[in-house]
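Structural characterization, general
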Amino acid sequence: MRPNVLLVTLDQFRADCLGVAGHPLVRTPTLDRLAAEGVRFSHHFSNCAPCGPGRASLLTGLWQMNHRVTDNGAPLAAGLPTLPEQLRTLGYRPTLFGYTDTTYDPSTLPPGAPELSHWEQPMRGFELGVHLDDFIAPWLAWLEEEGFDVPPADDYFSIYDRVDGPVPEGRGETWAPPSYDADHTESAFLTRQALEWLGRTIETDGSAADGRPWCAHLSYLRPHPPWVVPAPYNDMFDPADVPPPVRHADVAAEGDVHPFMAAALAIVPSPVPQLDQDQLRATYYGMIAEVDHQLGVLLDGLDALDQRDDTLVIVTSDHGEQLGDHWLIEKLGFYDQSYRIPLIVRWPSMAGSAGRVVDAFTENVDVVPTILDVCGAEPPAFCDGASLRPFLDGELSGIDAPDRWRDAVHLEYDFRMPTSRVVEELIGIRQDQCAISVIRDRDGKYVQFGGDLPPLFFDLGGDPGELCDRAGEADRAPQLLGYAQRLLRMHLEHTDPRLANHRATPAGPVFRADPPRP
């Protein structure tokens, strides 16, 4: 029997902000409970940023070099298979609650089509439970029904304005809450919509109403900016208690690391006043606590509907958040804070013991083949990831992994701006050279840039905070060459193989491909 599938993404969630991962301050009781009941992957990485590219990798199983979604607003090519489309072939009707940051392929649309003017379409293959996109209109409509004053459509984002009033001593700029309360956040709305849908989908005896297993993808906005959260979460963490950012002594020293960093610091710098920086972290932790609570409401609702024992639950994120580390906010570049994210899988049929922690390197491109494998389908040979089922089925522990499993992760960041010349003016390279490719293993991180920008190398054994670039040291040259060669091999082995493996012959078409390779 195929399982139900619940795929949850928490937006902009750093792996080191899990309570179960040992964070000194924040607590995530729901995620901790889920990890105790399932398997937590402690060295899991998003493949690319920001949201659109990160979600494209998560929902296609492809590296950015193959799906070519380079930014929010960049289209996903129509010829690429997606997770919801593939699940449909197995009899599922995947339903979306939230958003996928997908732009449709313009070659499939007529000139002047309204879809060409905005980038918030749901990914092909999903039915819509509720589309809570950048316009947040369904949430605002619900708030109005609940008696809240909501802004007009042309000023909808002002819903996040903070309540006026004195800021207590020791609290910073992002402390003040919004006008809505903790029971009426976007997370609460999304959870409520999903549970109402699930209740309609499930018959009273617990089976799917139409005889098929269900599939829901919940895409929570939080802890993504804007940096605001209602009480009690806004006051849950004292800025005086937050751990300090990992960074150089000042912005100038951080910018001296690389021309890319100098440009990034001019675009998305973190707050300079120490109190505002600490408050930013405290507010972020409050946002994590809020969405963790709503995830608990969702999982409790799943239990109440008697769906726990039949449901594969996967929780991850689209990317991380700099949060002041390296004097940056948002998600960009090459630092671990932007890419190392949670992954927790609970599958009631798994043979591996609950509560296990897997330290092998895993990536978001592994999610598609894992879901398809657990649901009884062969993962596509074109995937850049591989099924994590061996970690769920077997007795692998620590850094043990199946034969030929990856010993490094591959990260990408494309920072071209087709609508702007900012990057070219700040760095002095062409738009098509605005690309970063990274190989990161347990010992080091090698960062390759397009154009004539110099590479970076961080010795993670002695410099886990990635503060000191070693690429210019003469005695490191052989080590850098080794990393560069490994990165090149990765690109050679993962270049889009779908049509490359086809041949026309007198006997008919031939397709040959090895199993998906991690």
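Sequence order sets the numbering: in each chain, residues are counted from 1 along the sequence as written. Residue-level local features of this predicted model are given only where pLDDT is at least 70; pairs of side-chain atoms are given and counted only at 80 or more, and the full residue set underlies all totals for whole chains, interfaces and linings. Side-chain calculation: all heavy atoms of the structure are included, whereas hydrogens and water are not.

1. Comments concerning the packing of aromatic side chains
The geometry of two aromatic rings is summed up by the distance between their centres and the angle between their planes. To pair, rings of Phe, Tyr and Trp, with the six-membered ring standing in for Trp, must have centres within 6.5 Å; the planes then decide the type, stacked if under 30 degrees apart, edge-to-face if over 60, and tilted in the middle. Under the counting rule described, the total for this entry stands at 24 aromatic pairs. Where phenylalanine 97 meets tryptophan 197, the ring centres are 5.4 Å apart and the plane angle is 65°; that geometry is what we call edge-to-face. Here phenylalanine 97, found in strand S3 (residues 95–98), pairs with tryptophan 197, found in helix H6 (residues 186–201); they are 100 residues apart in sequence, far enough to count as distant. In terms of burial, phenylalanine 97 and tryptophan 197 fall into one category: buried. Numbered from the N terminus, helices here are DSSP runs of H or I no shorter than four residues, and strands are runs of E no shorter than two. Relative accessibility under 20% of the residue-type maximum defines a buried residue, over 50% an exposed one, and the middle range a partly exposed one, all with a 1.4 Å probe and only protein chains included.

2. Section: empty space enclosed by the protein
Any empty space left between atoms is shown by rolling a water-sized probe over those atoms. A cavity, in this analysis, means grid points on a 1 Å lattice covering only the protein atoms where a 1.4 Å probe fits yet has no way out; a pocket is instead an open set bounded by protein on both sides within 12 Å along at least five of seven lines, and a residue lines either one if it has an atom within 4 Å of a point. Grid points are joined across faces, edges and corners, and a volume is the space filled by probe spheres set on the points. If you walk through the whole model with that rule in mind, you get 3 cavities of 30 Å³ or more. Volume-wise, the largest cavity comes out at about 70 Å³. Lining the largest cavity we find Leu6, Phe97, Ala194, Leu195, Trp197, Leu198, Trp214, Ala216, Leu218, Leu298 and Leu302. Residue assignment for the lining of the largest cavity shows that the elements contributing at least two residues are H6, strand S5 (215–220) and helix H9 (274–304). Broken down by element, the residue count for the lining of the largest cavity peaks at 4 residues, all from H6.

3. Notes on helix H1 (residues 29–37)
Among the residues making up H1, those that are buried are Thr30, Leu31, Leu34 and Ala35. Each buried residue of H1 sits inside an arc of 135° when the element is viewed along its axis, so together they form one side. The secondary structure elements touched by the buried residues of H1 are strand S1 (4–10), strand S2 (39–45), H9, strand S6 (311–317) and strand S7 (343–346). The directions from the helix axis to the C-beta atoms are what the arc is built from. It only takes one pair of heavy atoms within 4.5 Å for two residues to be counted as in contact.

4. A short note on the sheet that holds strand S9 (residues 409–414)
Each strand in a sheet pairs with another by means of backbone hydrogen bonds, the pair being arranged parallel or else antiparallel. Two strands qualify as a pair provided that DSSP identifies no fewer than 2 bridges between them. Overall, antiparallel pairing links the 4 strands, which are arranged S9-S10-S11-S12 in an open sheet. For this open sheet the edge positions go to S9 and strand S12 (456–459), each flanked by a neighbour on one side alone. Strand after strand, the sheet turns through a mean of 15° between neighbouring axes, direction not considered. Across the sheet, helix H13 (residues 477–494) touches S9, strand S10 (435–440), strand S11 (444–449) and S12, and the angle it forms with S10 is around 110°. Axis definition: a line fit to C-alpha positions, over the contact stretch in the case of helices; interaxial angles, taken between N-to-C directions, run 0 to 180 degrees.

5. Quick notes on the sheet that holds S3
Here 8 strands make up an open sheet; going across it, the order is S4-S3-S5-S1-S6-S7-S2-S8 and the pairing mixed. At either end of the open sheet lies a strand with only one pairing partner, and these are strand S4 (127–131) and strand S8 (356–363). Strand-to-strand, the axes of this sheet are offset by a mean angle of 15°, without reference to chain direction. One ladder, built from 4 bridges, connects S3 with S4; its direction is parallel. Bridge pairing in S4 places threonine 95 opposite glutamate 127. In the packing of H6 onto the sheet, contacts are made with S3, S4 and S5, and the angle to S5 comes to roughly 170°.

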